[in-house]
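# Analysis of the macromolecular model
The primary structure of each chain is shown beneath.
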Amino acid sequence: MKKYPVEFLRTPAGELQILRDFVPEPMPEFDGTSDAFEYTKWHLYDRVCDGIKSFLILLDKKQIYDAFIIAGHVMETCAMLSYIKDGKTEEKRINNFYKYTARAYAGIMLEILRTSESLEKDADWNAYTAFLQLFYPVGSNIIKDAKNSKQKHEDIIKKINNRLGTNAEKIKLIEKNYEHPNIEEYLRTFSENMDGVDEQRFKHFYLKYCDFKHTNVLACLERQIFDYQIERVVTVLVIIVTYLSMAKLEPYVHPSGI
């Protein structure tokens, strides 16, 4: 990342220039034999970097609402990246990776069950079992009741690995026994991993992002509140770009004196 005078960095133009100058790490080629942790980590990183590019394109086109929503996506995805990448120990990083993937697989299984009437159709059954196979090795990491989690996981798998029975029964078992994806946990962990450098900006921006995303209120107000909102969004993205530039794809280490 280029060096700039502190006075310039504190201006809106300076912060935008930091985003424009950001150069992502080149993504390695994966041939299907790579470690799943590395594959997931790099693809989350790539999504964050693509999101930053999209934000700048939309901002330049004055598509403020869409730029705001993309910025929220960038922050969420970067929080997931930090969750699996920045644990203090290798054991913690792998454990968080298992939790992240297990929650993701469970969420997709629930989506398949909710959007299909039954698993009688081959397409629905094949999709469901594909993710069930991915979920099986890691699902015990997100059992809500930690006592005998592996055995409980095995018992539940036997019940949901069945083409017969209703989707509602399987949904109930998954929702009752497994943790759900929790973006607020990922954001909180991201902030903690950075020793709170964001000064609650991630949390505050996430609340605005969720509100705007679900109400579309920014779409009708964007011309009136452009400066007020976008400067805050850019500041959040500058923190993320600084984090990516310092940590790259290694665990983030907070520099002394910040």
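Residues numbered from 1 in each chain as written. Predicted model: local features only at pLDDT ≥ 70, side-chain atom pairs only at ≥ 80, totals over all residues. Heavy atoms only, no water.

The subject of this paragraph is the overall build of the protein chain. Helix and strand content of the protein chain: 12 helices and zero strands. Ordered by position in the sequence, the α and β elements of the protein chain form the string α-α-α-α-α-α-α-α-α-α-α-α. Once the C-alpha set of the protein chain is aligned to its principal axes, its extents read approximately 65 × 45 × 35 Å. Taken across its 258 residues, the protein chain has 43% of its residues classed as buried. Taking all contacts inside the protein chain whose residues are at least 6 apart in sequence as the whole, residues at least 24 apart take part in 69%. Here the protein chain displays about 14400 Å² of accessible surface, and carbon together with sulfur accounts for 52% of that area. With 35 positive and 38 negative side-chain charges, the protein chain shows a spacing of 3 Å between the two charge centroids. (Helix = DSSP H or I, 4+ residues; strand = E, 2+ residues; numbered from the N terminus. Buried < 20%, exposed > 50% of the residue type's maximum accessible area, 1.4 Å probe, protein only. Contact = heavy atoms within 4.5 Å. Areas by Shrake-Rupley, 256 points an atom, 1.4 Å probe, with all protein chains shown as cover. Lys, Arg positive; Asp, Glu negative; His and termini not counted. Charge placed at Lys NZ, Arg CZ, Asp CG, Glu CD.)

Time to look at the nonpolar core. Counting 55 residues, the largest nonpolar core has L19, F55, I240 and L244 as its most contacted members. Those elements that provide at least two residues to this core are α2 (12-21), α3 (36-60), α4 (64-85), α5 (90-115), α9 (183-193), α10 (201-215) and α12 (226-247). The element contributing the most residues to this core is α4, with 14 residues. In contact with L244, not counting residues within four places along its chain, are F22, Y45, V48, C49, I52, C78 and L81. The next biggest cluster of nonpolar side chains, apart from the first, holds 20 residues, and it includes M109, I112, L119 and I143. (Core = buried A, V, L, I, M, F, W, Y, C linked by side-chain atoms within 4.5 Å.)

Moving on, we get to the environment of T215. Assignment of secondary structure puts T215 in helix α10. Judged by its relative accessible area of 45%, T215 falls in the partly exposed class. The spatial distance from the C-alpha of T215 to the C-alpha of I174 is 30 Å, given a sequence separation of 41 residues.

Moving on, we come to α4. The end-to-end C-alpha distance of α4, which contains 22 residues, comes to 31 Å, matching closely the 32 Å that a straight helix rising 1.5 Å per residue would cover. Buried residues dominate α4, accounting for 19 of its 22 residues. (Expected span 1.5 Å × (residues − 1).)

At Q200, a residue that is not glycine, the phi angle is positive and equals roughly 70°. Topologically, Q200 is positioned in the loop between α9 and α10. Here the phi dihedral of K248 falls at roughly 50°; this positive angle occurs in a residue that is not glycine. Along the chain, the position of K248 falls in the segment after α12.

Quick look at the pattern of salt bridges now. One pass over the structure, following the stated rule, counts 11 salt bridges. Close ionic contact of E175 with R114 constitutes a salt bridge, the shortest N to O distance being 2.2 Å. Note that E175 is positioned in helix α8 (residues 167-177) and R114 in helix α5, a separation of 61 residues in sequence. Looking at R114, the relative accessible area reads 49%, which means it is partly exposed. Of the charged contacts in the structure, one is a salt bridge between R201 and E199, with a shortest N-O distance of 3.4 Å. A residue is classified by how much of its surface remains accessible, and R201, at 33% relative accessible area, is partly exposed. (Salt bridge = Lys/Arg side-chain N within 4 Å of Asp/Glu carboxyl O.)

Just distances and angles here, no functional claims.
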